[in-house]
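# Structure assessment
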Amino acid sequence: MKALSKLVMMEMSNIHFFKPGRNVRKKEMLFMGMLSCLVAVSGVVFLNQAGDAVMKQASITVVFLLSLIASLYDLAVRINGILYDYEQYQMISYLPVDHFQILLSKLISMTAVTWRWQVMIGFSFSVVYALRMHLPLVCLLTCLLLLTGASVWMALAGAVLMFLYHRAKRYAALVFGVLSVFLGIWARVIYGNMANADYIFRILQNPVVGLTGTAAAVLLLPAWASVMKSDYTEVLARIGHRAVYGRKIKNEIKNADISNALFFKERRAFFSFKMYLLNTLAPVLFFSVGLIALCFVPEERIVSLLLESGYEREIESFFPLFFCFMFGMACPTYCSLSLEGKAMDLLKSKPIQFRDLMLAKIRLYIFCVFPLISVDAFAAGLAVHRRISLANALFLICLSLLFASTVGTVGILLDILFGNFEWINPVSAVKQSISMPLQMLSCLALAFIPLCPALVFELHKSIFYGIVSIIWSLVGISIYTLSKKFAKKKLNM
Amino acid sequence: MLKIKNISKSYPGKDHALQNVEFEVKAGEICGLLGNNGAGKSTVLRSVVGAQDVDAGEIFIGGQRLKEHSISCKKMLGYIPDNQALYPYLTGRQYIAFVSSFYAIPKEEKEKRIEEYTAILNLEHAFDQVISSYSKGMKQKLLIIAAMVHQPGLIVMDEPFSGLDPATVNQLIQIVKEEKRRGAAVIFSSHMLDIAEKICDKIVMLKEGMVVIDSQLVEIYKYGRLEHLLLGE
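### Things to note about the overall build of chain A
Within chain A, the regular secondary structure consists of 22 helices and 0 strands. Counting over 493 residues, chain A shows a buried share of 48%. Pairs at least 24 apart in sequence give 84% of the contacts found in chain A among residues at least 6 apart. Carbon and sulfur atoms provide 71% of the accessible area of chain A, an area that totals close to 24600 Å².

In structure tokens:
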């Protein structure tokens, strides 16, 4: 038991909150606190403002669904690193502990990864919901049990998928398909029940449902750990062999001038590490799927939803801003200097200018998201207006590329000032560097600060976007100039 | 080829990493930079290649001031760092193509040199594999090729012999001697005194950030063996 608790603590270091570094823990606590407060405040605003009682009652289902999506995303990003990390396994393989204990601790850690999202989003809202809807306090216990149960089930489903994936990809694909259909049916049931407020209230006031589901999942955890341990070492050995004797890659740098060579390197770096891809493209992909899905919703439903919200004009006017914001938020990993790590010294010794490096990073970003931006610009037109204007779509494409380039430049400047080039694992450069949240905050500020004058002075849409384009261009040019200056001073480039 | 004039450098928590360091390496000369751990060898070399700035003093490469003409100075440089920081996701071939694209080398010439170096260093079999699968020695060999491929006028090597097997050490010595014959200036830091005695024309010894010996190797022998001088005997 003692060994298991120590292993659990070690595995938990995958979560920033349990990392030995005090700064990392503080940052994580700050992030968790901020997100919980944001959800709670939004909940209070919504529950006070929404006119429709059914909508209010059903809101908890939607928030639970959101917390489920957030946890699923985080789990998908980390699952391979937690369950099948060959290097991490090598560090503990000599310890006198059973594989069952190692795997059980990994499954517990996976549950914790998803559980914190459930608490931050789902439970924060539940507290506000229970108070505002005058529900008995037992509802909070039910909510917590439901959310915990969902986390354990997610960890189990993820572990089953990974287990099958490492044996035969087709089995994993089959199970993934079955799970997706199951989730789809479940989502449809929720959608149907959203109108049935009594059903939600009945569930929330009955902790037995949550307790049974959670208990069943918790009992299944050790059972699944003992199934996985049967050939765990063989699977890891296979992964290790693949890592050491990597694939032979033949493609070479074409038209090898400086900018192409740097761009080639950036591209290889980006596509070689799944973490970068998942971390940056996933939110944009979710957004794109959502937009495209909206195109298939009947027009009258869209119109009625817009009218029900009471913010029809605002949604239509500020949608391009939100569109830019979504793509701008994908920048941080692409436009990161910290990812160069210790190899930065080698780059500094080469006859290249900082400008070339900077442009290669922004070029990679544009290369990756341009197809999505283009498709989404048309999808947005179809989804919101049911018609596509080429001029509007082109305007949306140019505006979002301008915004993304500006945010990327801001990110590079922040990385010059607060970069971390001494990492061992690139994840620490991507997720634990202070420049990353700062860049996201800058993105938020750049996108939404111009909104204030627009709302106060009730500017016309075209005047507003004209001003916004000029502001973003000026900010971009100033930051670019500043970055070159600081690169000379701080990086000697 | 390399002229260092009175350079000083301090870090937060370390006031005098370098103090008025001054020496020169002529074309066709091999200079060994010796000193105990923390003496400032890597700081000197990193300053020479432009990886960091100095607080005071000047560095000249090929007669040009590094601070003012950094691009043209860096074109004359070949650098082997001590940390083997390579891009693990590139293959050996891609890495060399990446590095050589920064210098104007004719295609045929480049291919000939790469072929030659990979053969000498016995790296052909792994040249199309990703760098993450390389051993420490193989990474060092790749860095050697990357530093030599554009036939630089000044070769800067930080602990180039560490992690290499005896045969490769011998090959690297031959390569360095060949570069010297070509007219290149070579400066390297090392703790392997026997190698330094074997190939160096000149020795610069650092102690606590200051140059304590700057002399031709033959001159140094008048005072004793390198080992004794380094130990302060």
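Still to come is the rest of the account.
### So, the overall build of chain B
Check the secondary structure of chain B and you find 9 helices and 10 strands. Scaling as 2.2 N^0.38, a compact globule of 233 residues should have a C-alpha radius of gyration of about 17 Å, and chain B matches this with 17 Å. Counting only residues that meet the buried cut, chain B has 57% of its 233 residues in that class. Sequence-distant contacts, at least 24 apart, represent 68% of the contacts inside chain B between residues at least 6 apart. Surface exposure of chain B reaches about 9700 Å², of which carbon and sulfur atoms provide 48%. Mean positive and mean negative side-chain charge positions of chain B (28 and 29 charges, respectively) differ by 2 Å.

### Thoughts on the packing of helix 5 (residues 136-148) of chain B against helix 6 (residues 166-182) of chain B
All names here are of chain B. Relative orientation of the contacting elements helix 5 and helix 6 amounts to 10°, with a least axis distance of 12 Å. Classified by the angle their axes make, helix 5 and helix 6 are roughly parallel. Note on element contacts: helix 6 touches helix 5 through Thr-168, Leu-172, Ile-175 and Glu-179, opposite Lys-141, Ile-144 and Met-148. The class makeup of the residues in the contact of helix 5 with helix 6 is 4 nonpolar, 1 polar and 2 charged.

### Describing the layout of surface pockets
Approximately 510 Å³ is the volume attributed to the second largest pocket. In this structure, the second largest pocket is lined by 25 residues; those nearest its centre are Asp-345, Lys-348 and Glu-422 of chain A together with Arg-46 and Ala-51 of chain B. Those elements giving two or more residues to the lining of the second largest pocket turn out to be helix 16 (344-348) and helix 22 (461-491) of chain A together with strand 1 (2-11) and helix 1 (41-48) of chain B. Broken down by class, the residue content of the lining of the second largest pocket amounts to 7 nonpolar, 7 polar and 11 charged.

### Some details on the pattern of salt bridges
Residue and element names in this part refer to chain A. Inspection of every chain in the model, using the stated rule, returns 18 salt bridges over all chains. In this structure, Lys-229 and Asp-98 form a salt bridge, with 3.9 Å as the shortest nitrogen-oxygen distance. Separated by 131 residues along the polypeptide, Lys-229 in the loop between helix 9 (207-228) and helix 10 (232-244) and Asp-98 in the loop between helix 4 (86-92) and helix 5 (99-132) bring together distant segments of the chain. In this structure, Lys-265 and Glu-340 form a salt bridge, with 2.8 Å as the shortest nitrogen-oxygen distance. Residue Lys-265 is found in helix 11 (residues 258-272), and its partner Glu-340 is found in the loop between helix 15 (331-334) and helix 16; the two are separated by 75 residues along the sequence. Of the residues examined, Glu-340 reaches a relative accessible area of 5% and is grouped as buried. A cluster of three or more residues bridged by salt bridges with shared partners is formed by Lys-265, Glu-266, Glu-340 and Lys-361.

### A few points about empty space enclosed by the protein
In this approach, a probe sized like a water molecule rolls over the atoms, and the result shows the empty space that is left. Scanning the model with the defined rule gives 2 cavities of 30 Å³ or more in all. Of the volumes computed, that of the second largest cavity is approximately 30 Å³. Taken together, Leu-346, Leu-347 and Lys-350 of chain A together with Tyr-87, Tyr-95, Phe-98, Val-99 and Phe-102 of chain B form the lining of the second largest cavity. Looking at the lining of the second largest cavity, the elements that each hand over two or more residues are helix 16 of chain A together with helix 3 (92-100) of chain B. The element best represented in the lining of the second largest cavity is helix 3 of chain B, accounting for 3 residues.

### Section: the side chain of Ser-190 of chain B
All names here are of chain B. Considering the arrangement of structural elements, one finds Ser-190 in the loop between strand 8 (185-189) and helix 7 (193-199). A distance of 2.9 Å separates the side chain of Ser-190 from the backbone nitrogen of Met-192, its partner in a polar contact. In this view, Ser-190 contacts Leu-33, Leu-34, Glu-159 and Phe-161; residues no more than four positions away in its chain are not counted.

### Quick notes on helix 1 (residues 2-12) of chain A
Residue and element names in this part refer to chain A. Of all the residues in helix 1, the buried ones are Leu-4, Leu-7, Val-8, Glu-11 and Met-12. On an axial view of helix 1, the arc spanned by its buried residues comes to 135°, and they lie on one face. Counted as exposed and oriented over 90 degrees from the buried face of helix 1: Lys-2 and Lys-6. Among the structural elements, helix 3 (53-83), helix 4 and helix 5 are those in contact with the buried residues of helix 1.

### With respect to the nonpolar core
It is characteristic of soluble globular proteins that their nonpolar side chains tend to be buried jointly. Of all hydrophobic cores here, the largest spans 156 residues; its most connected members are Tyr-334 of chain A together with Tyr-95 of chain B. Per-element accounting of this core gives the leading share, 15 residues, to helix 17 (residues 354-385) of chain A. For Tyr-334 of chain A, the residues in contact, after removing those within four places along its chain, are Phe-270, Thr-280, Leu-281, Lys-361, Leu-364, Tyr-365, Cys-368 and Val-369 of chain A.

### What about the interface of chain A and chain B?
Taken together, the contact pairs 36 residues of chain A with 35 residues of chain B. A per-residue breakdown of the area chain A buries against chain B is headed by Leu-346, Lys-350 and Pro-351 of chain A, which together make up 20% of the total. Inspection of the region where chain A meets chain B yields 1 salt bridge. Arg-46 of chain B serves as the salt-bridge partner of Asp-345 of chain A, at 2.6 Å between the closest nitrogen and oxygen. On inspection of chain A and its partner chain B, the count reaches 7 residue pairs in polar contact (both at pLDDT 80 or more). Tallying contributions element by element places helix 11 of chain A first for the side of chain A that touches chain B, with 8 residues. Across the side of chain A that touches chain B, the residue classes tally to 17 nonpolar, 6 polar and 13 charged.

### Comments concerning the packing of aromatic side chains
All names here are of chain A. Per the stated rule, a full pass over the model turns up 20 aromatic pairs over all chains. Geometrically, the ring pair formed by Phe-319 and Phe-323 is tilted, given 6.2 Å between the ring centres and 50° between the ring planes. Of this pair, Phe-319 and Phe-323 both sit in helix 14 (residues 312-328), separated by 4 residues, roughly a single helical turn. Take Phe-319 and Phe-323: they sit in the same class, and that class is buried.

Criteria and cut-off values
- Residues numbered from 1 in each chain as written.
- Chains lettered and ligands numbered in written order.
- Predicted model: local features only at pLDDT ≥ 70, side-chain atom pairs only at ≥ 80, totals over all residues.
- Heavy atoms only, no water.
- Helix = DSSP H or I, 4+ residues; strand = E, 2+ residues; numbered from the N terminus.
- Buried < 20%, exposed > 50% of the residue type's maximum accessible area, 1.4 Å probe, protein only.
- Contact = heavy atoms within 4.5 Å.
- Areas by Shrake-Rupley, 256 points an atom, 1.4 Å probe, with all protein chains shown as cover.
- Rg over C-alpha atoms; globule rule 2.2 N^0.38 Å.
- Lys, Arg positive; Asp, Glu negative; His and termini not counted.
- Charge placed at Lys NZ, Arg CZ, Asp CG, Glu CD.
- Axes fitted to C-alpha atoms, helices over the stretch in contact; angles between N-to-C directions.
- Parallel < 35°, antiparallel > 145°, perpendicular 65-115°, else oblique.
- Nonpolar A, V, L, I, M, F, W, Y, C, P; charged D, E, K, R; others polar.
- 1 Å grid on protein atoms, 1.4 Å probe; cavity = no way out; pocket = protein on both sides within 12 Å on 5 of 7 lines; lining within 4 Å.
- Points joined across faces, edges and corners; volume = space filled by probe spheres on them.
- Salt bridge = Lys/Arg side-chain N within 4 Å of Asp/Glu carboxyl O.
- Polar contact = N/O pair within 3.5 Å; in protein donor to acceptor, adjacent residues only side chain to side chain.
- Arc of directions from axis to C-beta.
- Core = buried A, V, L, I, M, F, W, Y, C linked by side-chain atoms within 4.5 Å.
- Buried area = accessible area lost by both parts, 1.4 Å probe.
- Phe/Tyr/Trp six-rings, centres within 6.5 Å; stacked < 30°, edge-to-face > 60°.

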